[in-house]
Amino acid sequence: LLLLLPLLVLAQTDDFDDYWKVMEQLQSKLLKNYGNTISPYNTRSANFTWNNNGSTTTVTLMRSRLLSVQEREQQFSTATGAIMEWIDPRLRWNPADFHNIEHLYIRRSRVWMPEAVPCESTAVAPVSLFDSSNVKIYPNGQVISLVYFFATHNCEIKAGNFPFDINHCTICFSLRGTYGEELMLRGMIVPEPDLFGTGEFDYEVFKAKPVLGVSYYNGEASISTVIYPFVITRQPQFWVCLIILPTFFIGMLVLIGIFFGEDSTSLNGLVELGLTGMMSLTVIVGILNDSIAKSKDLSALGRFVFFDIIIVVAIITILFTQKLRRKLNKVSEQRLK
């Protein structure tokens, strides 16, 4: 066995050398005269028939993680992963001619890619290995690439029912620089995408209409777009514990102090107690002002705090009026005597 071991290692080395020679021949066939800066779909008005029916680029949403929701800026940030697929007819081969090699891995920068970019987004940043990762190529010219990026998307976040609000937002991809009859963009979602929310927000696909394709003409070229609707649902437990319960207990303490406190007969004590409660509620109003997006309508939580303040002011006013009425009655009785 020890004598046969070197022969086995030598046979494996020779087998790899043969494989590598075949791979070099295949890569030479595919990339020798290949231009990665030229699109193969420039056939809109040309006298060629290979792409008469047009072709498609498919973006399949695989995973998305909600990083943050910026209500004041009307934006939300995500880390999203998608699979892009397209056909490049220049990258075809017959597996039988190359020892049945059925797929090939090549650096992304060496092949042409459709310009599918996130739309209605800002601060789009790919991961560090975005430009150096591989694409997978099949004998029929199908190219598959994994795209993973961080982006901040625009969304109209409505705060009318804060903190019980449910917002419908979208992530979209747009295919630029090609005519629709040459290359279209198609959107898909894997059966069970990996979606992750935050501690405050749930994040899920809007199942009633998970993908929407849109094409429009901007005067020079048609732009193909796919839209993925998402539902961002706020979990109200944090705000219930931080705002609703404290304001409720502050209001209760003020009422108990006014009606059952030792200074319940002293006007100065009642006013001081009421002002202390209002100051406490003012701090909570400041927290809401820094957290909630500005809107023409007051949010549900804002209305709750506002009504608490009105109740405290109304009670103090009633007690002050009652005290003033008793004093005036006493003065009147003294003058009558």
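Everything below is about the structure shown above.
These numbers come from a predicted model, not from an experiment.

Asks: When you look at the overall build of the chain in this model, what are you seeing that I'm missing?
Replies: Secondary structure assignment for the chain yields four helices and 12 strands. Every one of the 337 residues in the chain was classed for burial, and the buried ones make up 35%. Working note: accessible area of the chain is about 20,500 Å², and carbon and sulfur atoms make up 59% of it.

Asks: Teacher, can you tell me more about the packing of aromatic side chains here?
Replies: Each aromatic ring pair is characterised by the separation of its centres together with the angle its planes make. Within the structure shown, the criterion is met by seven aromatic pairs. An angle of 50° between the planes, with centres 5.9 Å apart, marks the rings of Tyr-41 and Trp-112 as tilted. Taken as a pair, Tyr-41 in the loop between α1 (4-31) and β1 (55-70) and Trp-112 in the loop between β3 (104-107) and β4 (116-119) lie far apart in primary sequence, 71 residues in all. Both residues of the pair, Tyr-41 and Trp-112, count as buried. Ring centres 6.1 Å apart and planes at 85° place the aromatic pair Phe-173 and Tyr-228 in the edge-to-face group. One end of the pair, Phe-173, is in strand β8 (residues 166-175); the other, Tyr-228, is in strand β12 (residues 222-234), with 55 residues separating them in the sequence. With respect to burial, Phe-173 and Tyr-228 carry one shared label: buried. One aromatic cluster is present, built from ring pairs that chain together Tyr-41, Trp-50 and Trp-112.

Asks: Sorry if this is basic, but what is going on with a negative patch on the surface here?
Replies: On the surface, a cluster of negative charge is contributed by Asp-14, Asp-15, Asp-17 and Asp-18. With respect to the helices and strands, Asp-18 occurs in helix α1.

Asks: Where do I start with a positive patch on the surface in this structure?
Replies: Together, Lys-323, Arg-325, Arg-326, Lys-327 and Lys-330 make up a region of like positive charge exposed at the surface. As for its placement among the helices and strands, Arg-325 is situated in helix α4 (residues 300-336).

Asks: Please explain unusual backbone geometry as it appears in this structure.
Replies: With the exception of glycine, the majority of residues adopt a negative phi angle, and the majority of peptide bonds are in the trans configuration. In this model, Gln-74 sits at a positive phi of 60°, which is unusual for a non-glycine residue. Its place among the elements puts Gln-74 in the loop between β1 and β2 (75-92). Positive phi outside glycine occurs at Asn-100, with the angle close to 60°. You can call Asn-100 exposed: its relative accessible area is 57%.

Asks: Mind showing me how you'd approach the environment of Thr-247 here?
Replies: Locating Thr-247 in the fold gives a position in helix α2 (residues 237-260). Overall, the relative accessible area of 0% leaves Thr-247 in the buried class. For the pair Thr-247 and Ser-280, spaced 33 residues apart in sequence, the C-alpha separation works out to 8.4 Å.

Asks: I keep staring at the state of the cysteines and nothing clicks. Help me out?
Replies: Under the definition given, this model contains two disulfides. The residue that forms a disulfide with Cys-119 is Cys-172, at a sulfur-sulfur distance of 1.9 Å. One end of the pair, Cys-119, is in strand β4; the other, Cys-172, is in strand β8, with 53 residues separating them in the sequence. Note on cysteine connectivity: Cys-155 is disulfide-linked to Cys-169, with sulfurs 1.9 Å apart. Residues Cys-155 and Cys-169 are joined by a disulfide whose S-S torsion is about -70°; by sign, that bridge is left-handed.

Asks: Help me out: how do you make sense of the side chain of Asp-88 in this one?
Replies: Turning to its location among the elements, Asp-88 is positioned in strand β2. Take Asp-88: its relative accessible area is 0%, and that puts it in the buried class. Those residues in contact with Asp-88 that sit more than four places away from it in its chain are Tyr-34, Pro-40, Tyr-41, Trp-112, Gly-141 and Val-143.

Asks: Would you mind going over the side chain of Thr-60 with me for this structure?
Replies: Structurally, Thr-60 can be placed in strand β1. Given a relative accessible area of 9%, Thr-60 falls into the buried group. Those residues within four positions of Thr-60 in sequence are excluded, and the remaining contacts are Ala-82, Ile-83, Glu-85, Met-188, Ile-189, Val-190 and Tyr-228.

How each quantity is defined
Residues numbered from 1 in each chain as written. Predicted model: local features only at pLDDT ≥ 70, side-chain atom pairs only at ≥ 80, totals over all residues. Heavy atoms only, no water. Helix = DSSP H or I, 4+ residues; strand = E, 2+ residues; numbered from the N terminus. Buried < 20%, exposed > 50% of the residue type's maximum accessible area, 1.4 Å probe, protein only. Areas by Shrake-Rupley, 256 points an atom, 1.4 Å probe, with all protein chains shown as cover. Phe/Tyr/Trp six-rings, centres within 6.5 Å; stacked < 30°, edge-to-face > 60°. Patch = residues over 30% accessible without salt bridge, like charges linked within 9 Å, V, L, I, M, F, W, Y side chains within 5 Å. Salt bridge = Lys/Arg side-chain N within 4 Å of Asp/Glu carboxyl O. Lys, Arg positive; Asp, Glu negative; His and termini not counted. Charge placed at Lys NZ, Arg CZ, Asp CG, Glu CD. Disulfide = S-S within 2.5 Å. Contact = heavy atoms within 4.5 Å.

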